[in-house]
Amino acid sequence: MTRDLDRLFNPKTIAVIGGGAWCEQVIRQSQAMHFAGQIWPVNPNRTDICGLPAFASPGDLPSGPDAAFVGVNRHLTLDVVAQLSKIGTGGAVCFASGFSEASAEDGTAVGLQSDLVMAVGDMPILGPNCYGFINALDGALLWPDQHGCTPVDRGVAIITQSSNIAINLTMQKRGLPIAYTITCGNMAQTTQAQAALALLNDPRVTAIGLHVEGFGDLREWETLAQRAYEKRIPLVALKVGASDQAQQATVSHTASLAGSDVGAQALLDRLGIPRLKSLPAFLETLKLLHVNGPLASGNIASISCSGGEASLIADMALGRNVAFPSLSSGQKTNLRAALGPLVSLSNPLDYHTYIWRDEAAMTQAWAGMTGSDIALTLSIVDYPTTDPTDWGCATRAAQKVRAQTEAPFAIVATLPELLPEAVSSDLISGGVVPFHGLDEALAAIEAAAHIRPPSALPLCLPQNARTAETLTEAQSKTELAAFGLPVPRHQITSSTTEVAQAVKTLRPPFAIKGMGLAHKSEHGAVRLGISAKDAIAVAADIATDEVLIEEMTLGTVAELLVGVVRDPAHGFVMTLAAGGIQTELLQDTASFLLPANRDDIKAALNALRCAPLLHGYRGKQGINLDALFAAIDTLQTYVIDQADVLEEVEINPLLCTQDRVVAVDALIRKG
């Protein structure tokens with residue numbers, strides 16, 4: 001498929017099929033971009049379109065075109081793509097709507113999309129219900145509407161499902177060179193991941209941005225992430241929407257903590273693809289990656305001629321994975337030489353205004369903020385809308401810093417409109433990153449520092465959903481114990497005689513629990529610290545047919561929740577959280593996909609706010625971490641073994657002591 005997509009995205013011959021205004025626009029747009037290849041209009045009712053001779057049908061074309069725009073109604077589209085496939089066309093854009101996206105209103109729409117896939121055979125298609133693509137490198141495009149792309153020699157690629165968002169992104173005025181814009185529409189056959197894989201073959205592509213509504217084939221995404229990393233072409237994503245969850249939040253805490261978006265975030269983390277939350281941040285990240293590539297860390301330096309701006313960027317960085325390291329002795333020496341003794345040196349730095357317009361002094365001061373432990377140095381400059389050329393000294397100084405130090409350097413405007421597009425393009429030509437907006441710049445820096453190798457472990461794929469049954473606590477513990485998970489000694493009783501016998505064989509104090517309730521504590525059906533002499537009375541007071549009596553675990557240092565849910569869109573999501581009654585109260589969670597290695601698990605545990613308790617807090621003894629890791633590994637093994645039937649499994653709480661961990665409550669749902 002990738003070879004055919006190469007032909008589609010880099011065509012030498014284009015066929016435009018249909019006669020409406022949309023098709024005429026495709027031809028005009030290609031001519032405006034100075035497409036060097038041949039354009040063949042196809043319409044049985046016209047002899048020429050836009051000054052080009054028209055062919056009556058695809059079968060009359062000189063040969064199978066490299067790419068075809070199919071601009072006819074949805075029913076005729078099926079016949080046209082079949083003809084195109086028969087003559088050896090490289091690929092097609094299916095513009096018509098009314099396929100699976102219209103299934104809620106039209107019961108035939110889904111079947112029509114299936115028929116479309118059958119009709120195209122092995123010929124790749126984009127869509128249906130999409131605008132197609134723009135190749136600004138070669139001036140080749142199948143695009144029926146306005147766009148903002150201009151010819152470029154190299155640049156980023158943007159792949160979206162939404163044609164409207166794609167149009168808007170091409171209209172950006174931020175100096176970002178866009179090499180490809182590709183819309184996928186319904187993705188009846190060709191997916192975003194496949195399109196991105198094809199673009200990895202073009203050495204002119206510097207980074208790929210993906211606007212994702214849903215992932216689809218997870219193995220394709222694993223392949224894409226690995227190949228992109230090997231080719232050093234960074235990927236970033238703007239993930240929207242939410243997948244449907246088979247779990248019901250009323251059954252377990254895990255299902256509510258691992259909400260639909262948690263799986264998507266865990267998948268992107270696993271693939272090493274940073275996620276952006278807004279379109280402006282998405283564009284600024286692509287720009288940073290185009291100019292500079294991924295950052296070594298989130299360590300940054302900021303210099304500005306205003307204390308207000310220095311304070312602003314410091315405050316806006318709070319909560320992000322970026323840092324302002326203290327100035328080194330070398331930086332202080334260089335800065336003192338440039339600024340003299342009257343400036344208080346710090347990071348962020350306010351260097352006042354007295355060197356403004358002194359290009360040499362500005363260059364020396366800005367260069368002084370760079371350093372070996374600084375991943376990116378930013379100079380905050382707002383160009384006046386009245387006459388931005390008056391601030392040319394800043395542009396030239398920034399370019400000189402980049403040339404002299406070879407250190408990553410950026411100009412950032414506090415407001416996006418205070419950095420003109422022409423200035424941005426000029427800065428990029430000198431290797432300087434032009435950031436439009438402080439918040440967007442910080443988001444981009446955080447993302448570019450988050451790019452990492454994808455996990456080498458293949459995902460444990462979710463199976464098809466099944467009607468699930470909930471095992472009792474005792475059944476759940478028995479299954480987990482069979483895999484080696486420590487659980488308390490216990491007995492299930494249904495009479496006074498059985499309770500009396502249980503307290504003779506088990507060690508007090510006891511936990512006594514009512515059976516058959518999803519959330520026992522809400523019904524007053526969990527009693528703790530019960531002595532042997534009180535056990536019969538307490539068991540009788542719990543209004544359930546059966547009660548579970550178990551030995552209590554003493555010396556608890558921390559309580560954790562460890563749970564896994566089957567996320568049908570992303571895999572099996574493991575969630576670690578503060579457990580027991582703290583689960584809802586603290587919402588202290590970290591999630592990742594299975595299987596996970598020890599480093600993944602350690603990172604998740606250390607991300608919890610309760611992590612200091614695990615390691616020992618204020619002189620107190622920590623937990624047995626080896627025992628905790630062993631318990632999590634055991635749960636992983638159980639999930640992978642039961643992946644074809646498992647919906648969810650939860651241990652809450654997992655009691656952690658200085659010596660061991662014990663699963664004192666468990667829930668399993670299986671198909």
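Residues numbered from 1 in each chain as written. Predicted model: local features only at pLDDT ≥ 70, side-chain atom pairs only at ≥ 80, totals over all residues. Heavy atoms only, no water.

Visitor: Can you walk me through the sheet that holds strand 5 (residues 67-70) in this structure?
Guide: Adjacent strands of a sheet pair through backbone hydrogen bonds, lying either parallel or antiparallel. Pairing is parallel in the open sheet, where five strands are placed in the order 2-1-5-6-7. A single partner strand is all that each edge strand has here, and the edge strands are strand 2 (38-42) and strand 7 (125-126). Pairing geometry for strand 5 and strand 6 (residues 92-94), over three bridges, is parallel. By the bridge assignment for strand 6, F69 is matched with V93. (Pairing = 2+ DSSP bridges. Helix = DSSP H or I, 4+ residues; strand = E, 2+ residues; numbered from the N terminus.)

Visitor: Before we go on, may I ask you to explain the sheet that holds strand 22 (residues 526-530) in this structure?
Guide: Spatially, the four strands line up as an open sheet ordered 20-23-21-22, and their pairing is antiparallel. On the outer flanks of this sheet lie strand 20 (490-493) and strand 22, each paired with one strand and no other. This sheet shows a mean twist of 20° between the axes of neighbouring strands, independent of strand direction. Two elements, strand 21 (residues 510-514) and strand 22, share three bridges in a ladder whose sense is antiparallel. Directly across from I512, in strand 22, lies its bridge partner R527. Where helix 17 (residues 473-482) meets the sheet, it contacts strand 20, strand 21 and strand 23 (547-551), and its direction lies at approximately 45° from that of strand 23. (Axes fitted to C-alpha atoms, helices over the stretch in contact; angles between N-to-C directions. Contact = heavy atoms within 4.5 Å.)

Visitor: Explain the nonpolar core here, please?
Guide: The nonpolar side chains of a soluble globular protein tend to be buried with one another. Within the largest apolar cluster, 109 residues are counted, with the highest numbers of intra-cluster contacts made by F9, I159, I208, L288, F435 and I445. A total of eight residues in this core trace back to one element, the largest contributor, which is helix 16 (residues 438-448). Once residues lying within four places of it in the same chain are set aside, the contact partners of L288 are G293, L295, L376, V433, F435, A444, I445 and A448. Residues L485, L576, I651 and L654 belong to the second largest nonpolar core, which totals 41 residues. (Core = buried A, V, L, I, M, F, W, Y, C linked by side-chain atoms within 4.5 Å. Buried < 20%, exposed > 50% of the residue type's maximum accessible area, 1.4 Å probe, protein only.)

Visitor: Mind showing me how you'd approach the packing of aromatic side chains here?
Guide: Aromatic ring pairs are reported here in terms of the distance separating the ring centres and the angle at which the planes meet. If you walk through the whole model with that rule in mind, you get eleven aromatic pairs. Measuring from ring centre to ring centre gives 5.5 Å for F69 and F95, while their planes differ by 35°; the resulting arrangement is tilted. You can see F69 sitting in strand 5 and its partner F95 sitting in the loop between strand 6 and helix 4 (109-120), a full 26 residues away along the chain. A relative accessible area of 17% places F95 in the buried class. For the pair F215 and W221, a centre-to-centre distance of 5.1 Å together with 80° between the ring planes defines the contact as edge-to-face. This pair shows no difference in class: F215 is buried, exactly as W221 is. (Phe/Tyr/Trp six-rings, centres within 6.5 Å; stacked < 30°, edge-to-face > 60°.)

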